[in-house]
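Below, each chain spelled out in residue letters.
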Amino acid sequence: MAGGISDTLNTLGLETAASGSRRSFLEGLAAGGRRTTPGVGTTGLGTSSGLFAPSSSSASVVSAEEKVVLDVGTYTLRAGFSGDAQPLHREEVYGVFGARRSTDHRRAVGQRHGLLLPPVTATSVASEENDSQWQQQQEVERALLEHVRQVYRSHLLVDAKTKKVAVVVDSRTLPMSVRRALVCVLLGNLRVPQVSFYPRAVVALMTCGRSTGLVVDCGFRVTTVTPVYDSRPLMPYTVVTPLAGHAVHQRVRQLLAQFGRLRRDTTSTEEEDDVDAMLSGSVVAHVVTSLLYAAPTSVRRATADDGHSLANADLFGDEMAEWYARNTSPPPTTELDLALTDAAGRRRVLAVPSWVLGRATEILFAGNRPSDHMGVIDALVACIAGVPVDTRRALVGGLLVTGGVSQVPNFASRVLADLTLALEKSSRWSALARDIALADCLPAANGAAFNPADRPWIGASVAVAARIGGVDIRRDEFDEIPLPTLLARLD
């Protein structure tokens, strides 16, 4: 294991605080040595001393032994061991656990919301078909327990009671129900010795060998822009927008239904009208994960040159569709044929215009004006405007795009190009435009080869291997201290 940790730390260019040579440190790490680090009271999420403080003598002890690292999102769960360069296992949480429940209502809830169950409203309280808020909380815990227990049993192959756990969390956007479920499942049900929480933005930035930057986490339910300065997440200046992976899924379905042509086979010219019946969730997910890309041409710049106005035109109306077809490669006559099969066993061919695959992500860049939801670029500009003046130049010089949507080819480059354009057009921010750079556009030695969606997990793996402590909750504390008090440590 020492060799794997050594390769990872050397790749990131990180230095450890262990005394002696790097080799002796790694040997002690592999042998399960222990050292002391600051306790929970002196290090934490957003505290004045920062998350990662220098090691010193304290009551809290962080073990150098191998730990289980979990990254639990609303769509994907990643699991593995500290010191590894990538997760050992990934599985989808969204739309899976509901199928294992005993009622159709549970199945529908799971397929629609994943771990984010719908909130209780006045209407739902009056309806006998919906659960109470407490029952929904219990359902979240049962769903998470089912997933985590299966991961331990089938993939990690270790006894949960013998290894401490490091969990990657986003304290700003992770719902309280999921945080509560994580603590109860790991410490209450599985009885792990200790759970250490690490902020997602900070550990993701560590994989680039940086401690300062702007982290854009474009997940499934929300997109979060978090400024990190000197390994401290500046949570008061974090900007959140609901436009994320789920919005892309919805937009792809809409575009396929609106512009796709359904035929019996590739030689048939007769079109059918029941496109919606053929667009199952798996078909849309296949298009998003395997075929989608972000077109390199910025709509903000090109539409201004052509006389269009995003403020007055429908982003995916017929007028803009014609513009997309003219300004997207391959040529507008190019179509991609998708072979589909519905629940009744009928086989059809769906012809998808090439521009749909390159422009479906425009909803994330331009925003959703009817719903007044800002896009990624507007969220970045709002975050830059809010942070202290003396930190802006350092922050924009380390732009990191992570999350599931970041795996879309050319997405990070489009974010960089559109943000640069937005700052150049403003007299207030034009001086910052030339300082913008992607944090992972560095030599391979600094982690450019990492999967962008796995960066938070990899960063937590490195943090544990380097004996960097997080916010710790021990099993005995869980048994003695009220749960709300423990959860308050994550705020």
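None of these values were measured; they are calculated from a predicted model.

> I tried to follow the packing of aromatic side chains on my own but got confused; where do I start?
Scanning the entire structure with this criterion turns up two aromatic pairs. Look at Phe259 and Trp355: their rings are 4.9 Å apart centre to centre, the planes differ by 70 degrees, and that puts the pair in the edge-to-face class. Of the two residues, Phe259 sits in helix H8 (residues 245-259) while Trp355 sits in helix H13 (residues 354-359), which places them 96 residues apart along the sequence. Taken as a pair, Phe259 and Trp355 share a single burial class, namely buried. Residues Phe365 and Phe411 carry aromatic rings whose centres are separated by 5.3 Å and whose planes lie at 40 degrees to one another, so their mutual orientation is tilted. Here Phe365, found in helix H14 (residues 362-366), pairs with Phe411, found in helix H17 (residues 411-424); they are 46 residues apart in sequence, far enough to count as distant. Residue Phe411 is classed as buried on the basis of its relative accessible area of 1%. In this arrangement the basic side chain of Arg414 is found over the ring face of Phe365, its NZ or CZ atom lying 4.2 Å from the centre.

> Even after reading the chapter, I still don't get the packing of helix H15 (residues 376-386) against H17, so can you show me in this structure?
Two measures define how a pair of helices packs: the angle their axes make with one another and the distance between the axes. Here H15 crosses H17 at 55 degrees, and the two axes come no closer than 10 Å. By the angle between their directions, the pair H15 and H17 is classed as oblique. The way H15 lies across H17 gives a crossing that is right-handed. Contacts between H15 and H17 involve Val376, Ile377, Leu380, Val381 and Ile384 from the former and Val415, Asp418, Leu419, Ala422 and Leu423 from the latter. Grouping the constituent residues of the contact of H15 with H17 by class yields nine nonpolar, no polar and one charged.

> Looking at this model, I keep getting lost on helix H19 (residues 455-465). Mind explaining?
Given 3.6 residues per turn, any residue in an α-helix points the same way as the ones three and four places further on. Most of H19 sits out of view: 11 of its 11 residues are buried. After H19 finishes, the residue Arg467 shows a positive phi value of roughly 60 degrees.

> So what exactly am I meant to see when it comes to the layout of surface pockets here?
The probe, sized like a water molecule, is rolled over the atoms to show the empty space still left. Each pocket or cavity is described by its volume, and for the largest pocket that value is around 990 Å³. Looking at the largest pocket, it is lined by 42 residues, and the ones nearest its centre are Tyr75, Thr76, Gly219, Phe220 and Gly404. For the lining of the largest pocket, the elements supplying multiple residues, two or more each, are strand E3 (68-72), strand E4 (76-81), strand E5 (89-92), strand E6 (165-169), H8 and helix H10 (281-291). In terms of residue count, H10 provides more of the lining of the largest pocket than any other element does, four residues in total. Considered class by class, the residues forming the lining of the largest pocket number 18 nonpolar, 14 polar and 10 charged.

> Sorry if this is basic, but what is going on with the environment of Thr226 here?
Relative to the elements of secondary structure, Thr226 occurs in strand E9 (residues 223-229). Aside from chain neighbours lying at most four places away, what touches Thr226 is Ala201, Gly213, Leu214, Val215, Pro233, Met235 and Thr238.

> How should I be thinking about the sheet that holds E5 in this particular structure?
By way of backbone hydrogen bonds, the strands of a sheet pair with one another, either parallel or antiparallel. Spatial ordering of the open sheet is given by E5-E4-E3-E6-E7-E17, a layout of six strands whose pairing is mixed. With partners counted over all chains shown, the strands left at the sheet margins are E5 and strand E17 (471-474), one partner each. Sheet twist, expressed as the average angle between the axes of neighbouring strands with direction ignored, equals 20 degrees.

> Even after reading the chapter, I still don't get unusual backbone geometry, so can you show me in this structure?
For residues that are not glycine, phi is negative in most cases, and the peptide bond is trans in most cases. The backbone phi angle of Leu157 is positive, close to 60 degrees, even though this residue is not glycine. Take Leu157: it is sitting in the loop between helix H5 (133-156) and E6. Despite not being glycine, Arg191 shows a phi value in the positive range, around 60 degrees. One can find Arg191 in the loop between helix H6 (176-189) and strand E7 (194-199). Here Arg191 falls in the partly exposed class, since its relative accessible area comes to 24%.

> Mind showing me how you'd approach the pairing of strand E8 (residues 213-218) here?
The side chains of a regular strand alternate, first on one face of the sheet and then on the other. A large share of E8 lies buried, amounting to six of its six residues. A two-sided burial pattern is seen for E8, the buried positions comprising Gly213, Val215 and Asp217 on one face and Leu214, Val216 and Cys218 on the other. Two elements, E8 and E9, share six bridges in a ladder whose sense is antiparallel. Looking at E9, one finds that Asp217 is bridged to Thr224. Between the end of E8 and the start of E9, which pair antiparallel, lie four residues. Note: E8 against strand E16 (residues 399-402), four bridges, orientation parallel. Looking across to E16, one finds that Asp217 is bridged to Thr402.

Rules and cut-offs
- Residues numbered from 1 in each chain as written.
- Predicted model: local features only at pLDDT ≥ 70, side-chain atom pairs only at ≥ 80, totals over all residues.
- Heavy atoms only, no water.
- Phe/Tyr/Trp six-rings, centres within 6.5 Å; stacked < 30°, edge-to-face > 60°.
- Helix = DSSP H or I, 4+ residues; strand = E, 2+ residues; numbered from the N terminus.
- Buried < 20%, exposed > 50% of the residue type's maximum accessible area, 1.4 Å probe, protein only.
- Lys NZ or Arg CZ within 6 Å of the ring centre and 35° of its normal.
- Axes fitted to C-alpha atoms, helices over the stretch in contact; angles between N-to-C directions.
- Parallel < 35°, antiparallel > 145°, perpendicular 65-115°, else oblique.
- Left-handed = near helix turned anticlockwise from the far one by under 90°.
- Contact = heavy atoms within 4.5 Å.
- Nonpolar A, V, L, I, M, F, W, Y, C, P; charged D, E, K, R; others polar.
- 1 Å grid on protein atoms, 1.4 Å probe; cavity = no way out; pocket = protein on both sides within 12 Å on 5 of 7 lines; lining within 4 Å.
- Points joined across faces, edges and corners; volume = space filled by probe spheres on them.
- Pairing = 2+ DSSP bridges.

Geometry only, nothing functional implied.
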